Amino acid sequence: MIYVTQPSLPNLEEYTKLLEQIWESKHIANIGTFHKQFEKKLKKYLKIENISLFTNGTLALIVALQALRITGEVITTPYSFVATTHALHWNGIKPVFCDINKHDFNINPNNIESLITPKTTAIMPVHVYGNPCDNKKIQKIADIYGLKVIYDAAHAFAVEKKNKSILNWGDLSILSFHATKTFNTVEGGAIVTKNIKLKKRIDYLKNFGFVDETTIIGHGINAKMNELIAAYGLLQIKNINNEIKKRKQKVKLYRTLLNNVKGITIYKDLKKTKHNYSYFPILIDKNSFGKTRDEVYEVLKKNNIFVRRYFHPLISQFSTYSGLASAKKTNLLVATKLAEQILCLPLYSDLENVTIEFIVNLIKK
Ligand SMILES: *Cc1c(COP(=O)(O)O)cnc(C)c1O
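So, here is what we can say about the structure in this document. Just so it is clear, the model here is predicted, and its values are computed rather than measured.

1. Details of the overall build of the chain
Of regular secondary structure, the chain possesses eleven helices and 17 strands. What you see for the chain is a C-alpha radius of gyration of 21 Å, in line with the 21 Å of a compact globule of 365 residues. Seen through its C-alpha atoms, the chain measures out along the principal axes to roughly 65 × 55 × 40 Å. Residues counted as buried form 55% of the 365 residues belonging to the chain. Put simply, of all contacts in the chain between residues at least 6 apart along the chain, 70% involve residues at least 24 apart. Carbon together with sulfur atoms contributes 53% to the accessible area of the chain, which is approximately 17,500 Å² in total.

Dropping the structure here:
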């Protein structure tokens, strides 16, 4: 059976050695040495100034919104994993859905301004499949209207534009280290910000709001990463460049084999962008391909290839959000169309070339 992704794990012997240190010290939680080392290594690797580690990406999103005191309405994309919008709801914020671009699957900055109301306090875009958003246009709108910008960068670990990390954009970015992501710590997440004061506030909030034993500075939560996971993450950094390199080779093979197949759209690397090859999305146009996306999905499934339709349904189509005015299809024409055509093919570093050939042949047949 072939799934859309398969996690890479650290070397078990090396991990056992680190676990022995933890067993020795008995320091298993509450920001120990591995937590500190992992933050330090990530800062260097990702070319960023500050990072706060979390138990998962969703809690990082929820705390990010708390840390910036976001209220009212936030303009976001319906073309994402549902956690993006759920994090707004958990903060009592009304999501306002904005349509996306066809070329990169990201929020279309030209549609943002018309959605701004007196209640709007922030824009929350997603770098979908690790494709960098149009940060310049988004930031320009944010600066004019005094809005914060929170990037859901769950797909964008190690992504760079013009040799600089895109995690430095906006007021902050959140990462997810879930097992299904390019870089995993089993489960995990982080907030990245250039603002050291904000980083401090985030660190208090992820630890119940404790500043010291007797002082609380806010309604904090418990979202800290533990030592067993931090040690695991520390080892994963050693592998990540090799991981991305192998993924790139798989993508290259897919692109070669799927080139010029009528009715199938594949995507090239974006200009001046260092990708992490987190997903391999294709679009299937039923009119020119002759079969619908769902027919292709079913054929692959019958052959034990379990691909995913990320992101179908759109978040705006779930019953929890479909009643919102901005969830109307007429407001989300591009997103609606892409959600009907999208298919993410299996992609991970240990995926065999013969399997890729098998998958592509099934699609072509
Ligand atoms: C995975 C993901 C999240 C949630 O991260 P978890 O670590 O699973 O909580 C949030 N947003 C996007 C876009 C994701 O893909």
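2. Quick word on the sheet that holds strand β13 (residues 264-265)
Reading across from one edge, β13-β15-β17 is the order of the three strands in this open sheet, with antiparallel pairing throughout. Sheet topology places β13 and β17 (342-345) at the edges, where each strand pairs with a single neighbour. Direction of pairing for strand β15 (residues 280-284) relative to β17: antiparallel, over a ladder of four bridges. Bridging from a neighbouring strand, P281 pairs with C344 of β17.

3. Points about a positive patch on the surface
Together, K136, K161, K162, K164, K271 and K272 give the surface a local cluster of positive charge. Within the secondary structure, K161 is located in strand β7 (residues 160-161).

4. Considerations on the pairing of strand β4 (residues 94-97)
Every other side chain in a regular strand lies on the same face of the sheet, so the side chains alternate between the two faces. Where strand β3 (residues 73-76) meets β4, four bridges bridge the pair, whose relative direction is parallel. Bridge assignment links I75 to a residue of β4, and that residue is V96. Since β3 and β4 lie parallel, the crossover through helix α4 (residues 83-90) that links them has a hand, and here it is right-handed.

5. Re the sheet that holds strand β8 (residues 164-165)
Strand order in the open sheet formed by three strands is β8-β7-β14, and the pairing between neighbours is antiparallel. Where the open sheet ends on each side, the last strands, each with one partner, are β8 and β14 (273-274). One ladder, built from two bridges, connects β7 with β14; its direction is antiparallel. Bridge pairing in β14 links K161 to T273.

Definitions and cut-offs
Residues numbered from 1 in each chain as written. Predicted model: local features only at pLDDT ≥ 70, side-chain atom pairs only at ≥ 80, totals over all residues. Heavy atoms only, no water. Helix = DSSP H or I, 4+ residues; strand = E, 2+ residues; numbered from the N terminus. Rg over C-alpha atoms; globule rule 2.2 N^0.38 Å. Buried < 20%, exposed > 50% of the residue type's maximum accessible area, 1.4 Å probe, protein only. Contact = heavy atoms within 4.5 Å. Areas by Shrake-Rupley, 256 points an atom, 1.4 Å probe, with all protein chains shown as cover. Pairing = 2+ DSSP bridges. Patch = residues over 30% accessible without salt bridge, like charges linked within 9 Å, V, L, I, M, F, W, Y side chains within 5 Å. Salt bridge = Lys/Arg side-chain N within 4 Å of Asp/Glu carboxyl O. Lys, Arg positive; Asp, Glu negative; His and termini not counted. Charge placed at Lys NZ, Arg CZ, Asp CG, Glu CD. Right-handed = clockwise from strand over helix to strand, strands pointing away.

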